[in-house]
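# Inside the fold
The residues making up each chain are set out below.
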Amino acid sequence: MRKGISVSPGVAVGTAYCIHEIFVDPDTKRLEDNEVTAELASYETARDKAAAELRALHHKVAAQVGAPEAAIFAAHESILRDAAFTNKVRTWVVNDRLTAKAALHRLLDEYTILFTKTNDEYIKERVNDVRDVVIRLSTHLSDVAKPEATSVLSGPVIVVADELLPSQVVTLGGLEVRGIVTQAGSQTSHAAIIARSRGIPAISGMRGILSHVKTGDTIVVDARGGHVLVNPDAEQRSAYLKLEREFFLLKDQLAANRDQPARTQDGIDLELVANINGAIDARAAVAMGASGVGLFRTEYLYLTHPDVPDEEEQYIAYKEVIDASPNRTITIRTLDIGGDKTVPYLGHTHQEANPFMGWRSIRLSFEHPEFFATQLRAVLRAAAHAEHVGSRVRLMFPMITALEEIRKVKSMVNKAAQQLRQEQKAFGSDVKLGMMLEVPAAAISIKDMLPEVDFVSIGSNDLVQYLMAADRDNPKVSHLCQPLAPPVLKVLSHVIKACQKSGKSLTLCGEMAGQPRAFVLLFAMGLRSFSMSPAFIPSMKDLAAHLTLESARQVLRKAMTLRTTAGVNRYMAEQLARIAPNLRMLDVD
Ligand code: PEP
Ligand code: MG
């Protein structure tokens, strides 16, 4: 039994599929003279298979997701076909008698060393693409002793990886993935976000797991306490299969509430809206009963795009989301890049000492005014389309730290609207402008900020990491980066009160909105709008139906007297077991 950080709740049992086996188990065999030709031929076959697979993926993803998301596969195919890449592999097979797999491993090492020497972030990032291609090629080179990916993937699979790569994240939809375990990563990693949006139990930060698990092993993912069990005995296996069935049943039961209003036991209406990355999630959100989109993270459009998406491409992407969310309000957040997410073409040319406190998000958008204007124009135009079909677009700005930034952003929006008017292009006539509250400075001076905005959305993922000075992606400090830490609760209460007093609309769109313990406290503080991964909406709706304002306030009063995070967590676990015992499977430690 091993312990990591639970990033998506539930219990799952399945066959391990280790994506990064190549990095754990490098091939040390040397070829005999008479094996070289056959090895080169296997490499060619693997290359053809990988190319065919990439083309098929390109096709499928372009049709089902969109051309920008599919572009990554074309880029990977060109790496695969790159002459220098292939020549190196061939030379090492012929001269050094390496197996093709070992040659690929050496090639990746070489690129990694080479790329780390450069200061150019664009080039640095490309090593992930090379790695992606190497993994793909080596799965096609796997010997018969190892189950072929496709045969393993025909049953329930637990994906075990160092971290899921962007291209794998896009394609997971085709597999019967029951659980995800990653060595790296945390609440906000690619793997975590995709797992939550699909309702798949997932655990991150399992350092060293790939050395202890091989493809074909049976794995249990128990995301209630962040535990992973490798090759359980028969008794354990059947106990966990029972829990897994319970989890499925609960999900089914809860999903049936999709058409019911989100209402507390004492009749208070709540707004449960969705965090999405694109049209696929928007459809999932509607299916789960979301009444709107509280956070559309537009950066995925950029992260999966080889160059700057132009205005038209952005407009189409936003329009797709609007069409997937009929008669709803869609809150589009402008590009939130930097920190952990870098986009090469935006000039991340040197490594920052403190990227999360550096040149990220709105700060970066300000330094690229033309590029930012393109996004503003695309959103404003999409807003016109929304009005046309009976929906509404709101525009939200991340990482607002100072009042001047709000004023500046408003003047940029006005300028973009003016330009569109001059060009006689339709744009939204009443797009509400809001700020994300995720920096402690903004939380402290919220009263000064409120008159300048139409709405506020608390980005608690960042707010917590900045308040606690604990990196949200670093498992070593995850004990500090806790949304239920007493100082965090005090700040949240302060912000919620200030917004209530001003009458401005307030949402919370960080991960805690979908966590039962936090949900109860936030409701008691006065929050009425919660934005979360679509998969959490049914369970939070069910939780809401168990709450009354008075009982939640009682719990809050006691929670606010507790002085340690562990104390709050213990207390809230007890309270939750009392308030909604049916949801115990979804309560995460
Ligand atoms: C947040 O910070 O809480 C948030 C919702 O934004 P992101 O997770 O994209 O930084
Ligand atoms: Mg944030």
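Turning our eyes to something else, we now look at the overall build of the protein chain. Of regular secondary structure, the protein chain possesses 24 helices and 16 strands. For the protein chain, contacts bridging at least 24 residues in sequence account for 70% of all contacts bridging at least 6. Taken as a whole, the protein chain presents about 24,200 Å² of accessible surface, with 53% of it coming from carbon and sulfur.

A few words on the pairing of strand β4 (residues 157–161). Taking burial as the measure, the 5 residues of β4 include 5 buried ones, the bulk of the element. On β4, burial covers both faces: Val157, Val159 and Ala161 on one face and Ile158 and Val160 on the other are all buried. Bridge count for strand β3 (residues 11–18) against β4 is 4 bridges, and the pairing is parallel. Paired with Ala16 across the strands is Ile158, a residue of β4. Pairing geometry for β4 and strand β5 (residues 177–182), over 5 bridges, is parallel. Residue pairing for β5: Ile158 is matched across the bridge by Gly179.

Note on placement: Ile406 falls in helix α16 (residues 403–422). Its relative accessible area of 3% is what places Ile406 among the buried residues. Measuring from C-alpha to C-alpha, the distance between Ile406 and Met435 comes to 7.7 Å, with 29 residues separating the pair along the chain.

Another point: the site of ligand 1. Not every one of the 14 residues close to ligand 1 is listed here, only the nearest: Arg297, Arg333, Gly459, Asn461 and Arg472. Within the side chain of Arg297, a nitrogen or oxygen atom sits 2.8 Å from an oxygen atom of ligand 1. Protein burial of ligand 1: of its 290 Å² of free accessible surface, 99% is covered by the chains. Among the secondary structure elements, those contributing two or more residues to the shell around ligand 1 are β10 (292–297) and α19 (460–468). When residues in the shell around ligand 1 are grouped by element, the largest group, 3 residues, is from α19. The class makeup of the residues in the shell around ligand 1 is 3 nonpolar, 4 polar and 7 charged.

This part covers the packing of helix α21 (residues 516–525) against helix α22 (residues 537–545). Interaxial distance between α21 and α22 falls to 11 Å at its minimum, and their mutual angle equals 50 degrees. Judged on the interaxial angle alone, α22 and α21 are oblique. Crossing of α21 against α22: the hand is right-handed. Between α21 and α22, the residues in contact are Pro516, Phe519 and Val520 and Met540, Leu543 and Ala544, respectively. Considering only residue class, the contact of α21 with α22 consists of 6 nonpolar, no polar and no charged.

Right, let's talk about the packing of aromatic side chains for a bit. Remark: the centre distance and the inter-plane angle together describe each pair of aromatic rings, the angle taken between the planes. Tallying each qualifying case throughout the model produces 6 aromatic pairs. Ring centres 5.6 Å apart and planes at 65 degrees place the aromatic pair Tyr302 and Phe371 in the edge-to-face group. One end of the pair, Tyr302, is in helix α12 (residues 299–303); the other, Phe371, is in helix α15 (residues 369–388), and 69 residues separate them in sequence. With a relative accessible area of 1%, Tyr302 lands in the buried category. The exposure class of Phe371 is buried, given its relative accessible area of 11%. Consider the rings of Phe519 and Phe530, whose centres lie 4.1 Å apart with planes at 25 degrees: the pair is stacked. Of this pair, Phe519 sits in helix α21 while Phe530 sits in strand β16 (residues 529–532), and the two are 11 residues apart along the sequence.

Ranked by internal contacts, the top residues of the largest apolar core, which has 123 residues, are Tyr318, Phe397, Phe519, Leu522 and Phe530. No other element matches the 9 residues that α15 contributes to this core. Leave out the neighbours within four places in its chain, and Phe530 touches Leu270, Glu271, Leu272, Val273, Thr507, Leu508, Ala513, Phe519, Leu522 and Phe523.

Here the focus is the coordination of the magnesium ion (ligand 2). Taken together, Glu438 (OE) and Asp462 (OD) make up the protein donors of the magnesium ion (ligand 2), found 2.1 to 2.2 Å from the metal. One end of the pair, Glu438, is in the loop between β13 (432–437) and α17 (440–444); the other, Asp462, is in helix α19, and 24 residues separate them in sequence. In this structure Glu438 comes out as buried when scored by relative accessible area, which is 2%.

Here we take up the pattern of salt bridges. Taken as a whole and assessed by the stated rule, the structure comprises 31 salt bridges. In this structure, Arg47 engages Glu44 in a salt bridge whose closest nitrogen and oxygen atoms are separated by 3.5 Å. Note that Arg47 and Glu44 are positioned in helix α2 (residues 36–64) at a spacing of 3 residues, about one turn of the helix. Judged by relative accessible area, Arg47 falls into the buried class, the value being 14%. Owing to a relative accessible area of 24%, Glu44 belongs among the partly exposed residues under this scheme. Sharing partners across several salt bridges, the network here consists of Glu299, Arg333, Asp336, Arg360, Asp462 and Arg472.

In this section: the sheet that holds strand β8 (residues 227–230). The 8 strands lie next to each other as β1-β8-β7-β3-β4-β5-β6-β2, forming an open sheet whose pairing is mixed. A single partner strand is all that each edge strand has here, and the edge strands are β1 (2–3) and β2 (5–8). Against the sheet, helix α10 (residues 234–255) makes contact with β3, β5, β7 (218–222) and β8, and its axis sits at roughly 110 degrees relative to β3, the strand it touches most.

The next thing to look at is the confidence of the model for the protein chain. Here the protein chain averages 88 in pLDDT, and 90% of its residues register 70 or above. Counting interchain partners and residues more than four positions distant, the pLDDT-below-50 stretch residues 143–152 has 13 contacts.

Locating Ser533 in the fold gives a position in the loop between β16 and α22. Among residues more than four places away in sequence, those in contact with Ser533 are Arg196, Ser197, Asn275 and Glu511.

Along an α-helix, residues three or four positions apart point the same way, because every turn accommodates 3.6 residues. End to end, α15 covers 29 Å across 20 residues, agreeing with the expected 28 Å (1.5 Å per residue, within 8%). Taking burial as the measure, the 20 residues of α15 include 14 buried ones, the bulk of the element. Phi for Gly390, located one or two positions after α15, is positive at around 85 degrees.

In this section: helix α13 (residues 311–324). Over its 14 residues, α13 extends 20 Å from the first C-alpha to the last, a length consistent with the 20 Å expected when each residue adds 1.5 Å. Where α13 begins, the side chain of Asp310 points an oxygen toward the backbone nitrogen of Glu312, at a separation of 3.2 Å.

Attention now goes to the environment of Gly567. For Gly567, the position within the fold is in helix α24 (residues 565–579). We classify Gly567 as buried; its relative accessible area is 12%. Placed 81 residues apart in sequence, Gly567 and Pro486 show a C-alpha to C-alpha distance of 9.4 Å.

About the thresholds
- Residues numbered from 1 in each chain as written.
- Chains lettered and ligands numbered in written order.
- Predicted model: local features only at pLDDT ≥ 70, side-chain atom pairs only at ≥ 80, totals over all residues.
- Heavy atoms only, no water.
- Helix = DSSP H or I, 4+ residues; strand = E, 2+ residues; numbered from the N terminus.
- Contact = heavy atoms within 4.5 Å.
- Areas by Shrake-Rupley, 256 points an atom, 1.4 Å probe, with all protein chains shown as cover.
- Buried < 20%, exposed > 50% of the residue type's maximum accessible area, 1.4 Å probe, protein only.
- Pairing = 2+ DSSP bridges.
- Near = heavy atom within 4 Å.
- Polar contact = N/O pair within 3.5 Å; in protein donor to acceptor, adjacent residues only side chain to side chain.
- Nonpolar A, V, L, I, M, F, W, Y, C, P; charged D, E, K, R; others polar.
- Axes fitted to C-alpha atoms, helices over the stretch in contact; angles between N-to-C directions.
- Parallel < 35°, antiparallel > 145°, perpendicular 65-115°, else oblique.
- Left-handed = near helix turned anticlockwise from the far one by under 90°.
- Phe/Tyr/Trp six-rings, centres within 6.5 Å; stacked < 30°, edge-to-face > 60°.
- Core = buried A, V, L, I, M, F, W, Y, C linked by side-chain atoms within 4.5 Å.
- Donors = N, O, S within 2.8 Å, 3.2 Å for Na, K, Ca; no water.
- Salt bridge = Lys/Arg side-chain N within 4 Å of Asp/Glu carboxyl O.
- pLDDT = per-residue confidence, 0-100.
- Expected span 1.5 Å × (residues − 1).

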